[in-house]
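Observations on chain architecture
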Amino acid sequence: MSFLRWLMHFFFGFVALLCVALGIYIAVENPQIISPVIAGYAPFSGSVGVWLIGMLLLGVLLGFLASLLPLFSQRRRARGLSKQLKKLERELQAAHRKVSGD
């Protein structure tokens with residue numbers, strides 16, 4: 001493994017540990033118990049810190065999934081263009097054969 005790749009793994013690992021530590025700090029500093037109502041349903045009672053961290057993680061997950069949508073549309077477009085290219089290449093080969101008299 002190259003040094004730069006190792007350094008990036010170390011950096012992202014450090015950031016992940018920092019986020020975990022921050023989450024623990026938030027959970028410990030906000031021990032008040034709440035029971036939020038989400039769309040008319042109260043899932044469970046928990047501390048403010050746990051709810052904050054949970055909603056943050058849900059937001060991160062939804063943001064990540066939303067960022068994948070353009071990737072899927074680009075892949076679909078690339079497949080369509082690839083099929084179109086193959087079709088045009090076959091037509092070009094057929095035209096070359098017709099012109100050359102084979």
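Residues numbered from 1 in each chain as written. Predicted model: local features only at pLDDT ≥ 70, side-chain atom pairs only at ≥ 80, totals over all residues. Heavy atoms only, no water.

Concerning the overall build of the chain
Short version of the rule: Helix and strand labels come from DSSP, where a helix needs a run of H or I of at least four residues and a strand needs a run of E of at least two; each type is numbered from the N terminus. Each radius of gyration reported is based on C-alpha atoms, and the globular scaling rule is 2.2 Å times the count of residues to the power 0.38. Only protein chains enter the accessibility calculation, which uses a 1.4 Å probe; a residue is then buried when its area is under 20% of its type maximum, exposed when over 50%, and partly exposed in between. What sets the accessible areas is the Shrake-Rupley method with a 1.4 Å probe; for residues, cover comes only from the shown protein chains. Positive charges come from Lys and Arg, negative ones from Asp and Glu, while His and the chain ends are left out of the count. Think of each charge as sitting on NZ of Lys, CZ of Arg, CG of Asp or CD of Glu.
Helix and strand content of the chain: two helices and two strands. In the chain, the order of α-helices and β-strands from amino to carboxyl end is α-β-β-α. Taken over C-alpha atoms, the radius of gyration comes to 27 Å for the chain, far larger than the 13 Å a tight globule of 102 residues would show. In the chain, buried positions account for 5% of the 102 residues. Entry remark: accessible area of the chain is about 9,000 Å², with carbon and sulfur atoms responsible for 71%. Here the chain contributes 11 positively and 4 negatively charged side chains, and the mean placements of these two sets differ by 5 Å.

Some points on a positive patch on the surface
Basically, it comes down to this: Surface patches are defined over residues having more than 30% relative accessible area and no salt bridge, joining like charges when they lie within 9 Å and nonpolar side chains (Val, Leu, Ile, Met, Phe, Trp, Tyr) when within 5 Å. Any carboxyl oxygen of Asp or Glu that lies within 4 Å of a side-chain nitrogen of Lys or Arg is treated as forming a salt bridge with it.
Taken together, R75, R76, R79 and K83 make up a surface patch of like positive charges. A relative accessible area of 62% places K83 in the exposed class.

What to know about unusual backbone geometry
The phi torsion at A39 lies on the positive side, around 55°, for a residue other than glycine. When you line up the elements, A39 lands in the loop between β1 (33-34) and β2 (46-47). Taking relative accessible area as the criterion, A39 reaches 84% and is therefore assigned exposed.

Focus on the confidence of the model for the chain
Short version of the rule: In predicted models, pLDDT denotes the confidence assigned by the predictor to each residue on a 0 to 100 scale.
This prediction gives the chain a mean pLDDT of 88; 98% of its residues lie at or above 70. When mean pLDDT is taken per element in the chain, helix α2 (residues 48-100) scores highest with 91 and β2 scores lowest with 84.

Examining a nonpolar patch on the surface
A surface patch of nonpolar side chains, amounting to about 1,200 Å² of accessible area, comprises F3, L4, W6, L7, M8, F10, F11, F12, F14, V15 and L18. Among the structural elements, W6 can be located in helix α1 (residues 3-29). By relative accessible area, W6 is classed as partly exposed at 46%.

What about the packing of aromatic side chains?
The geometry of an aromatic ring pair comes down to the distance between the two centres and the angle between the two planes. As a reminder of what qualifies: A pair of Phe, Tyr and Trp rings is counted when the ring centres sit within 6.5 Å of each other, with Trp represented by its six-membered ring. The angle between the planes then sorts it: under 30 degrees is stacked, over 60 is edge-to-face, the rest tilted.
Going through the model one piece at a time under the given rule, you end up with four aromatic pairs. Measuring from centroid to centroid gives 4.9 Å for F44 and W51, while their planes differ by 25°, and the two rings are stacked. Residue W51 is classed as buried on the basis of its relative accessible area, which comes to 10%.

Observations regarding α2
As a reminder of what qualifies: What a helix is expected to span follows from its residue count: subtract one and scale by 1.5 Å.
For α2, spanning 53 residues, the distance from its first C-alpha to its last is 78 Å, which sits close to the expected 78 Å at 1.5 Å a residue. Just beyond α2, the residue with positive phi is G101, at close to 85°.

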